[in-house]
Amino acid sequence: MPIETWLTFVLGFMIIGSIVALELKDILSSIISIGVVGLGVSVAFLFLQAPDLAIVQFLFEIFAIIILVKVFIKKDYHYEEPSRINKMLIGVTVITLAVIFIFSISVFKNIPPFGEPLLHTSKYYLENGAGDTGAANLVSSIILDYRAYDTLGEVTVLFTAILGSVTVLRLSIRKNKNKE
Amino acid sequence: MIIYLLCFVLFLVGIYGVITKRDLVKIILSLAIMGYSANLFLILFAYKKSALYPILEKGVDVPMVDPLPQALVLTSIVIELGTTALLVSLVAKLFQKYRTFDITKIRRLLG
């Protein structure tokens, strides 16, 4: 089977999974449906010849599910009561997004078709990557050599995010101790 | 082109969740959906027909897919994990204060 068929199948599966995740009432079921969507992304990366990304996405998904379940499983969950304003908001949003989708079709006609990338900058990396850096894996040669400052910035962002979450959670722990 | 459009539909599903859902957990999940579709779109853009993954092997000389978007998306996935963790901790803190996830009820100022 050609790759387009597989990708269409996986993408349709992901769209159905995300709609199910947003519309379900039970919070644990929605988190698990999001896990299905993320693993679909991982499978799509495998089809698109990106094995490193498939592994990283798989790990990301496992960690995200563990974090979400760990935090939200014990909270008692309040059901949304349906209101008229909310129904009107849903209708207006769906119509607006449908209009955006219809107008975006002409935009997608202008980009190069699937399977024929432009490859202006990457031609240099593909030809000289092994000679310049000595790495057999060109993705790691780009991430750790040509664009090492980018990776440094990534690590900074990650450090800041983890620092922020640790700070927020530690404040709450300290307050609980004071109450006791 | 139909694959690009399906990927865009996935992004629109994420926007729909962010706008219409009143539950903070659902909003986090819709942000995750938008992130997935953006990453997938970049990788779809990089794919080349009948090309292999960009890892060099001895004696094998075949065309390779574009390695640059793969490197950037690798960065983006890791950052997404960090931002998701930060969002989750903020929402857990909000739940401790207000005892609800509903954003229409989180309006009072509590000291």
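Definitions and limits used
- Residues numbered from 1 in each chain as written.
- Chains lettered and ligands numbered in written order.
- Predicted model: local features only at pLDDT ≥ 70, side-chain atom pairs only at ≥ 80, totals over all residues.
- Heavy atoms only, no water.
- Helix = DSSP H or I, 4+ residues; strand = E, 2+ residues; numbered from the N terminus.
- Buried < 20%, exposed > 50% of the residue type's maximum accessible area, 1.4 Å probe, protein only.
- Contact = heavy atoms within 4.5 Å.
- Areas by Shrake-Rupley, 256 points an atom, 1.4 Å probe, with all protein chains shown as cover.
- Lys, Arg positive; Asp, Glu negative; His and termini not counted.
- Charge placed at Lys NZ, Arg CZ, Asp CG, Glu CD.
- Buried area = accessible area lost by both parts, 1.4 Å probe.
- Salt bridge = Lys/Arg side-chain N within 4 Å of Asp/Glu carboxyl O.
- Polar contact = N/O pair within 3.5 Å; in protein donor to acceptor, adjacent residues only side chain to side chain.
- Nonpolar A, V, L, I, M, F, W, Y, C, P; charged D, E, K, R; others polar.
- Domains from an automatic or database assignment.
- Core = buried A, V, L, I, M, F, W, Y, C linked by side-chain atoms within 4.5 Å.
- Axes fitted to C-alpha atoms, helices over the stretch in contact; angles between N-to-C directions.
- Parallel < 35°, antiparallel > 145°, perpendicular 65-115°, else oblique.

1. Overview of the overall build of chain B
A count of helices and strands for chain B gives three helices and zero strands. Listing every helix and strand of chain B by position from the N terminus yields α-α-α. With the C-alpha coordinates aligned to their principal axes, the bounding extent of chain B is approximately 65 × 30 × 15 Å. In chain B, which comprises 111 residues, the proportion classed as buried is 57%. Residue pairs in contact within chain B that sit at least 24 positions apart in sequence constitute 47% of those at least 6 positions apart. Of the roughly 4800 Å² of accessible surface on chain B, 70% is carried by carbon and sulfur atoms. Separation between the mean location of the 12 positive side-chain charges and that of the 6 negative ones in chain B comes to 18 Å.

2. Some words on the overall build of chain A
Along the backbone of chain A there are seven helices and zero strands. C-alpha atoms of chain A, sized along the principal axes, occupy 65 × 45 × 30 Å. The buried share among the 180 residues of chain A stands at 33%. Considering only contacts in chain A between residues 6 or more positions apart, those separated by 24 or more positions represent 40%. Surface accessibility of chain A: about 11100 Å² in total, with carbon and sulfur atoms responsible for 70%. Distance between charge centres in chain A, computed from 14 positive and 15 negative side chains, equals 15 Å.

3. Some points on unusual backbone geometry
Backbone geometry places Gln-49 of chain A, a non-glycine residue, at a positive phi of 65 degrees. With respect to the secondary-structure elements, Gln-49 of chain A resides in the loop between α2 (27-47) and α3 (51-72).

4. Observations concerning the interface of chain B and chain A
Counting from both sides, the interface comprises 75 residues of chain B and, opposite them, 90 residues of chain A. The contact between chain B and chain A buries some 8000 Å² in all, and 78% of this surface belongs to carbon and sulfur atoms. Broken down residue by residue, the surface that chain B buries against chain A is led by Arg-22, Tyr-36 and Tyr-47 of chain B, which jointly contribute 9%. On inspection of chain B and its partner chain A, the count reaches two salt bridges. Where Glu-23 of chain A meets Lys-21 of chain B, a salt bridge forms, and the shortest distance between an N and an O atom there is 3.4 Å. At the junction of chain B and chain A, the tally comes to 10 residue pairs in polar contact (both at pLDDT 80 or more). Elements that contribute at least two residues to the side of chain B that touches chain A include exactly α1 (2-20), α2 (24-46) and α3 (67-98) of chain B. Examining the composition of the side of chain B that touches chain A, we find that 25 residues originate from one element, α3 of chain B, more than from any other. For the side of chain B that touches chain A, the class distribution of residues is 52 nonpolar, 12 polar and 11 charged.

5. A word on the domain arrangement of chain A
Annotation of chain A at the domain level lists domain 1 (1-117) and domain 2 (120-180). Spacing between the C-alpha centres of domain 1 of chain A and domain 2 of chain A amounts to 24 Å.

6. Considerations on the pattern of salt bridges
Close approach of charged atoms allows side chains with opposite charge to pair. In total, this model carries two salt bridges over all chains according to the counting rule given. In this structure, the salt-bridge partner of Glu-4 of chain A is Lys-49 of chain B, at a minimum N-O distance of 3.4 Å. You can see Glu-4 of chain A sitting in helix α1 (residues 3-23) and its partner Lys-49 of chain B sitting in the loop between α2 and α3, one on each of two chains. Take Glu-4 of chain A: its relative accessible area is 27%, and that puts it in the partly exposed class. Overall, Lys-49 of chain B belongs to the partly exposed group, its relative accessible area being 44%.

7. Remarks on the side chain of Gln-49 of chain A
Since its relative accessible area comes to 18%, Gln-49 of chain A is described here as buried. One polar contact links the side chain of Gln-49 of chain A to the main-chain amide nitrogen of Tyr-53 of chain B, over a distance of 3.4 Å.

8. A look at the nonpolar core
Phe-45, Phe-72 and Phe-114 of chain A are the most contacted members of the largest nonpolar core, which totals 64 residues. If you count residues domain by domain, this core takes at least three from each of domain 1 (1-117) and domain 2 (120-180) of chain A.

9. A short note on the packing of helix α5 (residues 121-133) of chain A against helix α6 (residues 138-146) of chain A
Residues and elements named next belong to chain A. For the pair α5 and α6, the least separation of the axes is 10 Å and the interaxial angle reads 70 degrees. With respect to α6, the element α5 is oriented roughly perpendicular. Here Tyr-124, Tyr-125, Leu-126, Asn-128, Gly-129, Ala-130, Asp-132 and Thr-133 of α5 come into contact with α6, specifically with Leu-138, Ser-141, Ile-142, Asp-145 and Tyr-146. By residue class, the composition of the contact of α5 with α6 is seven nonpolar, four polar and two charged.

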